[in-house]
Amino acid sequence: MSPLSLRGESRWRLRAALISVALTVCAVAAPVLAPRGDAPAPPPAVAEQVSAPHHPAAAGDRSVPPARRAVSRPWVRSVLVVSIDGLNPDAITALGPSQAPHLHRLIAEGAATLNARTEFESTQTLPNHTGMVTGRPVSTDIGGHGVTFNEDNGGTVRATAGEKVRSAFSAVHRAGGRTALFASKPKFDFLDRSWPTAIDKYRMEPDNKRLTRLVLRDLRRQRRTFRFVHFSAPDTAGHASSYMSADYLEAVRKTDHRLGRLMGAIDETRRLRRHLLLVVTSDHGGLGTSHADATRRYNYTMPFFVWGRGIEGADLYDLNPQYADPGASRPDYAGAQPIRNGMVANLVTQLLSLKAVPGSRFNTAQDVRVFD
Ligand SMILES: [Zn+2]
């Protein structure tokens, strides 16, 4: 072999090695550099759906870009959101671990805060639940959902906002997942009417105890990617007997027990224990017999908990320095933001490794850390 041909071979080897390195760098960098949401494969959320075989590329772990690993986990295939209507966080403190063991378990084991915020504009039920499922503020001037009213007006969110409004239900449904809404006030018909296709199952049952049984049956028997459950009892007692009264605290205690039954089902069912995360929050707090004044601290302050596999007890604000504990204040949408109930929609999409809800405004970066 002549020196010339040796040099030639070396050059070829060098070039091959450089190409190989370059390809490796591209392969590693591509998912990071690609715009968010450009995950090549559908999310692991779809993998649980036996009824969604038309997603051959579902690849579990590998379908999640590295940037998302910080805020989601490949095993998360289902999210259960529980909204406890009118949950003043002082009630959790007043009842203590002996009277509200499950809410206290969420604090001990979950990513948690007792100092989250409602929508800036409203501390009423329908505006805040619409915010939770759409990830939008109220005011249409800033891209909000426009639902300023608190009773079902027979219309839809789209008609109210004057534009198509997507929700977490839409996002999950479009990805091939199955959804359900379990509510205990008739005004939730408004949300069901707004996303008739994306909400696969809707049950409105005012009796909170019976509603709990419906949810338990669904958790145990159905494979579902996203469930939203609404418990009305504390709010009902608050209006009837005053928030923080003995009757109100008793309603929170019972709701804690019902929440505990759902958590028990998650503990006992391998599929749920391994693949489901629980989010618990509220639409508003309250004191006296009303919670209508959005400028009152006791109305705009509510808890926010995320609990399940891979999450360890931590304060949500400690985990998320990009959000600021508002203290006693009521931040508007400029400047440092608190954890808000309106972040639910894109916490759901984030945890399921789905793109953010189109048109949403809260947690569009999908960067809320709940895992250590
Ligand atoms: Zn109320």
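Predicted model, so just to flag it, every value in this text is computed and none were measured.

Caption draft 1: Quick look at the overall build of the protein chain. Looking only at helices and strands, the protein chain has 16 helices and eight strands in total. Looking at the protein chain as a whole, 48% of its 372 residues are labelled buried. Contacts in the protein chain between residues far apart in sequence, at least 24 positions, make up 68% of those at least 6 positions apart.

Caption draft 2: The packing of helix α4 (residues 89-99) against helix α12 (residues 246-268), seen in detail. Where α4 contacts α12, the axes come no closer than 10 Å and their chain directions differ by 50°. Relative to α12, α4 is oriented oblique. You can see that α4 and α12 cross each other, and the crossing is right-handed. Where α4 approaches α12, its residues Ala91, Ala94, Leu95 and Gln99 are matched on the opposing element by Tyr248, Leu249, Val252 and Arg253.

Caption draft 3: How the structure looks around the pairing of strand β7 (residues 301-308). Most of β7 sits out of view: eight of its eight residues are buried. Burial along β7 is two-sided: the residues Thr301, Pro303, Phe305 and Trp307 and Met302, Phe304, Val306 and Gly308 are all buried. Bridge count for strand β2 (residues 111-117) against β7 is five bridges, and the pairing is antiparallel. Of the residues in β7, the one forming a bridge with alanine 111 is valine 306. In terms of strand pairing, strand β6 (residues 276-281) meets β7 through five bridges, oriented antiparallel. From the neighbouring strand, valine 280 faces β7, where its bridge partner is phenylalanine 305.

Caption draft 4: Region of the structure containing the sheet that holds strand β5 (residues 226-231). With mixed pairing, eight strands are arranged side by side in an open sheet as β4-β3-β5-β1-β6-β7-β2-β8. The open sheet has two edge strands, β4 (201-204) and β8 (314-315), and neither has a second partner.

Caption draft 5: Expanded view of the nonpolar core. Counting residues in hydrophobic clusters, the biggest one holds 88 residues, and the most contacted among them are Val79, Val81, Val82, Ala168, Leu278, Val279 and Val348. At nine residues, α12 tops the list of elements feeding residues into this core. Apart from the residues lying within four places of it in its own chain, the contact partners of leucine 278 are Leu80, Val82, Met263, Ile266, Trp307 and Gly308.

Caption draft 6: Summary view of helix α6 (residues 125-134). Burial of α6 is extensive: 10 of the 10 residues sit out of reach of the surface. Considering only its buried residues, α6 is in contact with β1 (78-84), α7 (157-161), α8 (168-174), α9 (189-194), β5 and α16 (344-351). Where α6 ends, the next residue or the one after it, glycine 135, has phi of about 70°, a positive value.

Caption draft 7: Broad picture of helix α5 (residues 101-109). Turning to α5, its buried residues number three or more, namely Leu103, Leu106 and Ile107. Down the axis of α5, the buried side of the element spans an arc of 95°, and every buried residue falls inside it. Along its buried surface, α5 packs onto α4, β2, α12, β6 and β7.

Caption draft 8: Highlighting the packing of helix α11 (residues 233-241) against α12. At their nearest, the axes of α11 and α12 sit 8 Å apart, and the two run at 175° to each other. Overall, the two elements α11 and α12 adopt an arrangement that is roughly antiparallel. Contacts between α11 and α12 involve Ala233, Pro234, Ala237, Gly238, Ala240 and Ser241 from the former and Asp247, Tyr248, Ala251, Val252, Lys254 and Thr255 from the latter. Along the lines of polarity and charge, the residues of the contact of α11 with α12 split into seven nonpolar, three polar and two charged.

Caption draft 9: Fine view of the pairing of β1. Counting buried positions along β1 yields seven of seven residues, so the element is predominantly enclosed. Along β1, one buried face is formed by Ser78, Leu80, Val82 and Ile84 and the opposite face, lined by Val79, Val81 and Ser83, is buried too. Relative to β6, β1 is paired through six bridges, and the arrangement is parallel. Directly across from valine 81, in β6, lies its bridge partner valine 279. Of the strand pairs in this sheet, β1 and β5 are connected by six bridges, and their pairing is parallel. Note on β5: the bridge partner recorded for valine 81 is phenylalanine 228.

Caption draft 10: Molecular detail of the environment of serine 245. With respect to the helices and strands, serine 245 occurs in the loop between α11 and α12. When the C-alpha positions of serine 245 and glycine 288 are compared, they lie 8.6 Å apart, and in sequence the two are 43 residues distant.

Caption draft 11: Quick peek at the environment of threonine 295. Looking at the secondary structure, you find threonine 295 in the loop between β6 and α14 (297-300). A residue is classified by how many C-beta atoms lie within 10 Å of it, and threonine 295, with 8 of them, is exposed. Residues threonine 295 and arginine 330 lie 35 residues apart in sequence; the distance between their C-alpha atoms is 7.3 Å.

Caption draft 12: Fine view of the environment of serine 83. Note on placement: serine 83 falls in strand β1. It is 9.8 Å that separates the C-alpha atoms of serine 83 and histidine 284, two residues lying 201 residues apart in sequence. Those residues in contact with serine 83 that sit more than four places away from it in its chain are His129, Met132, His230, Thr281, Ser282 and Asp283.

Caption draft 13: Spatial organisation of the confidence of the model for the protein chain. With 81% of its residues at a pLDDT of 70 or more, the protein chain shows a mean pLDDT of 87. Taken together, the stretch residues 1-62 has pLDDT below 50 and engages in 66 contacts with residues farther than four places along the chain or on a different chain.

Caption draft 14: Just unusual backbone geometry, in detail. One non-glycine residue with positive phi stands out, namely asparagine 363, at about 50°. Along the chain, the position of asparagine 363 falls in the segment after α16. The class for asparagine 363 is buried, based on 25 C-beta atoms found within 10 Å. Notably, glutamine 366 is not glycine yet its phi reads approximately 50°, a positive angle. Residue position: glutamine 366 is located in the segment after α16.

What counts as what
Residues numbered from 1 in each chain as written. Predicted model: local features only at pLDDT ≥ 70, side-chain atom pairs only at ≥ 80, totals over all residues. Helix = DSSP H or I, 4+ residues; strand = E, 2+ residues; numbered from the N terminus. Buried ≥ 20, exposed ≤ 12 C-beta atoms within 10 Å, placed from the backbone. Contact = placed C-beta atoms within 7 Å. Axes fitted to C-alpha atoms, helices over the stretch in contact; angles between N-to-C directions. Parallel < 35°, antiparallel > 145°, perpendicular 65-115°, else oblique. Left-handed = near helix turned anticlockwise from the far one by under 90°. Pairing = 2+ DSSP bridges. Core = buried A, V, L, I, M, F, W, Y, C linked by C-beta atoms within 7 Å. Arc of directions from axis to C-beta. Nonpolar A, V, L, I, M, F, W, Y, C, P; charged D, E, K, R; others polar. pLDDT = per-residue confidence, 0-100.

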